[in-house]
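Breakdown of the fold
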Amino acid sequence: MSPEEIIQRRVARELHPGTLVNLGIGLPTGVSRFIRPEQEILFQSENGIVGMGAPPPEGMDDEDLTDAGGHYVSAVPGAATVDSTFSFGLIRGGHLDATVLGGLEVDEKGLLANWMVPGKMVPGMGGAMDLVSGARRVIVAMQHTARGKPKIVPACTLPLTATRRVTLIITDMAVIEPMDDGLVLRERAPGVEVQAILDATSAKLIVPDFVPEMILAE
Amino acid sequence: MKKGVTPAQVAEMIPDGAVLMIGGFMGMGSPHRVIDALVAAGRRDLTVIANDTARPGWAIGKLITAGAVSRAIVSHIGLNPETQKAMIAGTINVELVPQGTLAERIRCGGYGLGGVLTKTALGTIAAKGQRVIDIDGEEWLYAPPLKADFALIHSDRADYIGNLSYQLTSTNFNPVMATAANTVICEPREIIPVGLIPPDAVTSPGVLVDYLVTAQRGL
């Protein structure tokens, strides 16, 4: 199983049935593959849809129905479309149960940096700042390291996306929960030892006596 | 009855240096024919207020490629490397605004409000130089209203008096921009007789709209 798939399958188990969820572009988008219809989870895309569906069948693209990355999508029965002010009212107003976003860095305070690398990559924050400020739960879904370097660090060196602590960090190695006294190692990926996680993390981790293996969605 | 105009006539109305709001999200729901006409007319020094600058060669990306834009107030330029390059080179002054804040700033401009208070971007470098307002001990970031000389928007349908209805995710910034500019020009997919859009399906009443871009005729 690829690192991305481990992350996506674990995130899928974190989403609550019957809620509204926003999946970021890229790795988080793939989480939807592991959600079963009976979970009745509605996906929101910030360009203005509640109830976004999978890509349409071959040849059925509609230029009036895309995700926030401009990719063609479909809509599930019961979907609703809204304008940008309404879409962000849902996001900031606490109507979104969870947002799943990628990350460049997360630090010991649970703060996320994911929108720019000064001098190198300045894509703009798009909806990321609204999502991290407003969603009820913020789940960071990212690889544990980038080119061998830890992404979970003592303090973010990159500009923060928000000053609000994220809810959970899910990587291909671990599930980590930011708490008042620091980052708590909650779970390890199948076959990954605690020491390997500590070696791949430059932030201080609080390690409980027992760290169970992740259970992944089928 | 609204006046029907061609894209070329729209471009003539818009002077160099104008402040434009342009609807669309990654080019979906943008007024493509009007954008093409602005490029053809060689407009310069435009300020563009929009969600994003699309991609090179697509929608607002065409205005960037043509060198028509000197200032952009947008939430995202990640899919247009030309905008990023121009920002770093200093040829386009890019103000990056969180997407929800951008929508609310336009809404304030159009709804007669003095701005909004938001938590978004509070304490980040995106809030640098902006006012933080304390209300009963709680900090909020102040976001001022935005207005434009022209709103260039897209709709699915328009009727002869300019009532507009939108389709799915092509709605995005179009309805709010229709409230926030001195002159509102809509490029609908089709123009139909008054009465065919039911009142509940009208998202932007025709009173907001000044001009409709007429359909492309014949082949």
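None of these values were measured; they are calculated from a predicted model.

Here we look at the overall build of chain A
Counting its regular elements, chain A contains 4 helices and 15 strands. The C-alpha radius of gyration computed for chain A amounts to 17 Å, which stays within 12% of the reference 17 Å derived for 218 residues, consistent with globular compactness. Taken along the three principal axes of its C-alpha coordinates, chain A extends 50 × 40 × 30 Å. Within chain A, the proportion of its 218 residues that are buried is 48%. In chain A, once contacts between residues fewer than 6 apart in sequence are set aside, the share between residues at least 24 apart is 65%.

A short note on the overall build of chain B
The helix and strand inventory of chain B stands at 6 helices and 12 strands. For 219 residues, the compact-globule estimate of 2.2 N^0.38 gives 17 Å, and chain B sits close to it at 18 Å. Scored against the burial criterion, the 219 residues of chain B give a buried share of 53%. Relative to all contacts within chain B whose residues are 6 or more apart in sequence, the contacts with residues 24 or more apart total 72%.

Considering the sheet that holds strand 7 (residues 112–113) of chain A
Residues and elements named next belong to chain A. Read from one edge of the open sheet, 3 strands run 7-6-11, paired in mixed fashion. Taken across any chain shown, the strands that pair with only one partner, and hence form the sheet edges, are strand 7 and strand 11 (152–153). Across 2 bridges, the pairing between strand 6 (residues 105–107) and strand 11 is parallel. Residue pairing across strands places Asp107 opposite Val153, the latter belonging to strand 11.

Points about the interface of chain A and chain B
Chain A puts 30 residues into the contact, and the matching count from chain B is 36 residues. Classifying every residue of the side of chain A that touches chain B by side-chain character gives 11 nonpolar, 13 polar and 6 charged.

Things to note about the environment of Val21(A)
All names here are of chain A. Residue placement: Val21 occurs in strand 1 (residues 20–23). The buried category is assigned to Val21, around which 24 C-beta atoms lie within 10 Å. Separated by 54 residues in sequence, Val21 and Ala75 have C-alpha atoms that sit 14 Å apart.

So, helix 5 (residues 99–111) of chain B
Counted at 1.5 Å a residue, the expected span for helix 5 of chain B with its 13 residues is 18 Å, and the 18 Å between its end C-alpha atoms agrees. The buried count for helix 5 of chain B comes to 12 of 13 residues, which makes it a mostly enclosed element. Those residues of helix 5 of chain B hidden inside the fold are in contact with helix 2 (84–92) and helix 3 (128–134) of chain A together with strand 2 (19–22), strand 6 (116–118), strand 8 (138–143) and helix 6 (174–177) of chain B. Downstream of helix 5 of chain B by one or two residues, Gly112(B) has phi in the positive range, about 70°.

Quick notes on the confidence of the model for chain B
Residues with a pLDDT of 70 or more make up 99% of chain B, whose mean pLDDT is 97. On the interface metric, ipTM, the complex scores 0.96, and its pTM is 0.96.

So, helix 2 (residues 32–40) of chain B
Residue and element names in this part refer to chain B. Buried residues of helix 2: Val34, Ile35, Ala37 and Leu38, and no others. End-on view of helix 2: buried residues confined to an arc of 160°, all on one side of the axis. Against the buried residues of helix 2 lie helix 1 (7–13), helix 3 (60–65), strand 9 (148–159), strand 11 (181–192) and strand 12 (211–213). Among the residues trailing helix 2, Gly42 stands out with phi positive, at a value near 70°.

Here we look at the environment of Cys186(B)
Residues and elements named next belong to chain B. Residue position: Cys186 is located in strand 11. Among the residues examined, Cys186 registers 28 C-beta atoms within 10 Å and is labelled buried. Taking C-alpha positions, Cys186 is 8.1 Å from Asp210, a pair spaced 24 residues apart along the chain.

Overview of the nonpolar core
With 126 residues, the main nonpolar core has Val140(A), Met21(B), Val48(B), Ala151(B) and Met177(B) as its most contacted residues. Here the element with the most residues in this core is strand 9 of chain B; it accounts for 6 residues. Contact partners of Val140(A), with chain neighbours within four places excluded, come to Leu101(A), Gly103(A), Val106(A), Leu112(A), Val166(A) and Ile169(A).

Focus: the pairing of strand 5 (residues 93–96) of chain B
Residue and element names in this part refer to chain B. The alternating pattern of strand 5 places Val94 and Leu96 on a buried face, while none of Asn93 and Glu95, on the opposite face, is buried. As judged from the 4 bridges shared by strand 4 (residues 69–74) and strand 5, these two strands associate in the parallel manner. From the neighbouring strand, Ala72 faces strand 5, where its bridge partner is Val94. For the crossover that starts at strand 4, traverses helix 4 (residues 81–89) and ends in the parallel strand 5, the hand is right-handed.

The rules we used
Sequence order sets the numbering: in each chain, residues are counted from 1 along the sequence as written. Just so you know, chain letters begin at A and ligand numbers begin at 1, following the order they were written in. Only residues with pLDDT of 70 or above have their local features reported here, since the model is predicted, and side-chain atom pairs are shown and tallied only from 80 upward, although totals for entire chains, interfaces and linings are computed over all residues. Helix and strand assignments follow DSSP, with helices taken as H or I runs no shorter than four residues and strands as E runs no shorter than two, numbered in order from the N terminus. Two things to know: the radius of gyration comes from C-alpha atoms, and the globule rule equals 2.2 Å times the number of residues to the power 0.38. The exposure scheme places C-beta atoms from the backbone and then counts, for each residue, the other C-beta atoms within 10 Å of its own, assigning buried at 20 or more, exposed at 12 or fewer, and partly exposed in between. Here contacts are defined at the residue level, using C-beta atoms placed from the backbone and a cut-off of 7 Å between them. Only strands that DSSP links by at least two bridges are regarded as paired with each other. Put simply, Ala, Val, Leu, Ile, Met, Phe, Trp, Tyr, Cys and Pro go in the nonpolar bin, Asp, Glu, Lys and Arg in the charged bin, and everything else, Gly too, in the polar bin. The span one expects for a helix is its residue count, reduced by one, times 1.5 Å. Each residue carries a pLDDT value, the predictor's own confidence for that position, ranging from 0 to 100. Each direction from the helix axis to a C-beta atom contributes to the arc, which is the arc of those directions. Each nonpolar core consists of buried Ala, Val, Leu, Ile, Met, Phe, Trp, Tyr and Cys residues. Their C-beta atoms, within 7 Å, join them into a set. Here the term right-handed applies to a crossover when the path leading from its first strand over the helix to its second strand runs clockwise, the strands being oriented away from the viewer.

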